[in-house]
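Spelled out, the chains give:
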Amino acid sequence: MKFTRKASANWKGTGMEGIGTVSTQSTALDNAQLSFKTRFADGVGTNPEELIGAAHAGCFSMQLSFLLNEAGFTADNIDTAASVNFLDGTIVSIDLNLTATIPNISDEKFQEIALAAKAKCPISRLLNAEITLTAALV
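Colleague: Whenever I open this one, the environment of Asn-85 confuses me. Can you help?
Modeller: Structurally, Asn-85 can be placed in strand β4 (residues 77-87). With a relative accessible area of 25%, Asn-85 lands in the partly exposed category. Non-local contacts of Asn-85, meaning those with residues more than four positions away in its chain, are made with Thr-90, Ile-91, Val-92, Ser-93, Ile-94 and Asp-95. A polar contact of 2.9 Å, which involves the side chain of Asn-85, links it to the side chain of Asp-95.

Written out as structure tokens, the structure reads:
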């Protein structure tokens, strides 16, 4: 399976006083506010770190579901929280906190499949991805 998903961002002004927006192809985000305050304080809007956290939690949960199905299990519920840890200009780690209700699975099998999901999740593997840039000054 091959596909491309798109998102965009717009920024106006300085890093501290400027204002920006982010949008997604699906329109789940449509000019969502982005600013210094939404990233580094408690402003209304979103920020790259929480978007990465949401993407990671969603991707991991879906990957876990697929792997459970392959092993003959179906989850009644999967809850994943992702904490994106930022320090001195770098995302240093992401902590996934998983709770799940899965009938007829042993804890040992659950742990095995959860670790495989963490390893196979495309967002988990993201840091090893090739990043290309096309830049144009207009």
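Colleague: Can you walk me through unusual backbone geometry in this structure?
Modeller: Both trends apply: most residues other than glycine have a negative phi, and most peptide bonds are in trans. Phi at Asn-31 is positive, roughly 60°, even though this residue is not glycine. Along the polypeptide, Asn-31 turns up in the loop between β2 (19-24) and β3 (32-35). Of note in this structure, Asn-104 is not a glycine but carries a positive phi near 65°. Structurally, Asn-104 can be placed in the loop between β5 (90-101) and α3 (107-120). You can call Asn-104 exposed: its relative accessible area is 76%.

Colleague: Just to check I follow, could you spell out the nonpolar core for this structure?
Modeller: In summary, soluble globular proteins display a tendency toward joint burial of nonpolar side chains. Residues Leu-64, Leu-68, Phe-73, Ile-102, Ile-105 and Ile-113 are the most contacted members of the largest nonpolar core, which totals 14 residues. Mapped by element, the contributors of at least two residues to this core are α2 (48-70) and α3. The greatest single-element share of this core, amounting to 5 residues, is contributed by α2. When neighbours within four sequence positions are excluded, Ile-105 is seen to be in contact with Leu-68, Phe-73, Phe-110 and Ile-113.

Colleague: Sorry if this is basic, but what is going on with α2 here?
Modeller: Residues that lie three or four places apart on an α-helix share one face, since the helix turns once every 3.6 residues. Compared with the 33 Å implied by 1.5 Å per residue over 23 residues, the 33 Å span of α2 between its first and last C-alpha is a close match. The set of residues buried in α2 consists of Glu-49, Gly-53, His-56, Ala-57, Cys-59, Phe-60, Ser-61, Gln-63, Leu-64, Leu-67 and Leu-68. Tucked inside the fold, the buried residues of α2 contact α1 (36-40), β4, β5 and α3. Measuring from the side-chain oxygen of the N-cap residue of α2 to the backbone nitrogen of Glu-49 gives 3.1 Å; that N-cap residue is Asn-47. Gly-72, located one to two residues past α2, shows a positive phi value of around 90°.

What counts and what doesn't
- Residues numbered from 1 in each chain as written.
- Predicted model: local features only at pLDDT ≥ 70, side-chain atom pairs only at ≥ 80, totals over all residues.
- Heavy atoms only, no water.
- Helix = DSSP H or I, 4+ residues; strand = E, 2+ residues; numbered from the N terminus.
- Buried < 20%, exposed > 50% of the residue type's maximum accessible area, 1.4 Å probe, protein only.
- Contact = heavy atoms within 4.5 Å.
- Polar contact = N/O pair within 3.5 Å; in protein donor to acceptor, adjacent residues only side chain to side chain.
- Core = buried A, V, L, I, M, F, W, Y, C linked by side-chain atoms within 4.5 Å.
- Expected span 1.5 Å × (residues − 1).

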